[in-house]
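Analysis of the macromolecular model
Read off the chains here:
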Amino acid sequence: MTRLDSVIRRLTAQRDLLNWATEELGPDGLVLELGLGNGRTYDHLRTKLPGREIYAFERSPAAHPDCYPPEGYLIVGDIFETLPAFIERFGRGSAALIHTDIGTGDQEANRKLALRLSPLLEALLRPGGLLIADRAFELPSCEDISSQTDVPEGRYFVYRRN
Ligand code: SAM
């Protein structure tokens, strides 16, 4: 498999899971995009979920100009500083869907990041809430339901909060 094949497979899994999640989602709860990046997945979410409150988090905003959230919905800064403040503001269990796409090619750094991020994600997700993630997380209060989707094992990950 070439690197091009690998990117295409990852992005296909990402899009398929975001589509799946937007259909699973109930009417209540915030949607959070961790890592606005180019704004591609944010654009997908806002198109699939018109009218939904979607907050995007990014430490170095540089998205496509058409893909910025409306005023007040882009939270700028390192998520390890902005997420605790967000939880204070909106309360625990305020999110129905979180998509996280903030990893790098450094697997050890990704593992540490996932460990550090896990308690924040568990605090944010409401019961039944979904986490769609570019990497595996260890979340004691969530069930790994990746195998219940059509996405091939290990390509992208889905967790549901108990
Ligand atoms: N899903 C995005 C898209 O479709 O365009 C791509 C996201 S990109 C792979 C990851 C983004 O996460 C980068 O823009 C990076 O700046 C941001 N990021 C990484 N670590 C972060 C952190 N600790 N706090 C805030 N943003 C972070």
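A brief look at the structure comes next.

**Some words on the side chain of aspartate 134**
- Positionally, aspartate 134 belongs in the loop between β5 (125-133) and β6 (142-144).
- Within the structure, aspartate 134 has its side chain in polar contact with the backbone nitrogen of glycine 103 (distance 3.1 Å).
- Beyond its immediate chain neighbours, meaning those up to four positions away, aspartate 134 contacts Arg10, Thr100, Asp101, Ile102, Gly103, Tyr156 and Phe157.

**Some remarks on the sheet that holds strand β2 (residues 54-58)**
- Within the open sheet, the seven strands sit side by side as β3-β2-β1-β4-β5-β7-β6. Their pairing is mixed. Each end of this open sheet is capped by a strand with a single partner; those strands are β3 (74-76) and β6. Pairs of neighbouring strands in the sheet enclose a mean axial angle of 20°, with direction left out of account.
- In this sheet, β3 lies alongside β2 in parallel orientation, the contact comprising three bridges. In the sheet register, phenylalanine 57 faces β3, and the bridge partner there is isoleucine 75.
- Along the sheet face, helix α3 (residues 79-90) touches β1 (30-34), β2 and β3 and points at about 155° away from the line of β2.
- Running over the sheet, helix α4 (residues 107-124) touches β1, β4 (95-100), β5, β6 and β7 (157-161) and is turned about 135° from β5.

**Points about the site of the ligand**
- In the neighbourhood of the ligand, 15 residues make up the surrounding shell, with Asn38, Thr41, Glu58, Ile79 and Asp101 lying closest.
- The contact in question runs from a nitrogen atom of the ligand to an N or O atom on the side chain of threonine 41, over 2.7 Å.
- Glutamate 58 is positioned with one of its side-chain polar atoms (N or O) 2.5 Å from an oxygen atom of the ligand.
- Protein chains shield 83% of the accessible area of the ligand, which is 610 Å² for the free molecule.
- Its residues assigned to classes, the shell around the ligand comprises three nonpolar, six polar and six charged.

**Regarding α3**
- Taking 1.5 Å as the rise per residue, α3 with 12 residues should run 16 Å; its terminal C-alpha atoms sit 15 Å apart, in good agreement.
- If you check which residues of α3 are buried, you get Ile79, Phe80, Thr82, Leu83, Phe86 and Ile87. With its buried residues spanning 160° around the axis, α3 presents them on a single face. With respect to the buried face of α3, the exposed residues turned more than 90 degrees away are Glu81, Glu88 and Arg89.
- The elements touched by buried residues of α3 are β1, β2, β3 and α4.
- Its side-chain oxygen placed 2.8 Å from the backbone nitrogen of phenylalanine 80, aspartate 78 serves as the N-cap of α3.
- Note on α3: the residue one or two positions beyond its end, glycine 91, has a positive phi of about 90°.

Scoring rules and cut-offs
Starting afresh in each chain, residues are numbered from 1 along the sequence in its written order. Side-chain atom pairs in this predicted model are given and counted only at pLDDT of 80 or more, local residue features only at pLDDT of at least 70, and totals for whole chains, interfaces and linings cover all residues. For the side-chain quantities, the full set of heavy atoms in the structure was used; hydrogens and water were omitted. Under the DSSP-based scheme used, a helix requires at least four consecutive residues in state H or I and a strand at least two consecutive residues in state E, with every element numbered from the N terminus. In protein, a polar contact requires one atom able to donate a hydrogen and another able to accept it; more generally it is a pair of N or O atoms within 3.5 Å, and residues adjacent in sequence count only if both atoms are side-chain atoms. Whether two residues touch is decided by their heavy atoms; if any such pair falls within 4.5 Å, the residues are in contact. A pair of strands is labelled paired if DSSP reports no fewer than 2 bridges between them. For helices, the fitted line uses only the C-alpha atoms of the stretch in contact; every axis is such a line through C-alpha atoms, and the angle between N-to-C directions lies from 0 to 180 degrees. A molecule or strand has a residue near it when one of that residue's heavy atoms lies within 4 Å. Method for areas: the Shrake-Rupley scheme with a 1.4 Å probe, in which residue coverage is limited to the protein chains shown. Note on residue classes: Ala, Val, Leu, Ile, Met, Phe, Trp, Tyr, Cys and Pro are nonpolar, Asp, Glu, Lys and Arg are charged, and everything else, Gly too, is polar. Here, expected helix span is obtained from the residue count minus one, scaled by 1.5 Å. Relative accessibility decides the category of a residue: with a 1.4 Å probe and only protein chains considered, values under 20% of the type maximum give buried, values over 50% give exposed, and everything between is partly exposed. Read the arc as the range of directions from the helix axis to the C-beta atoms.

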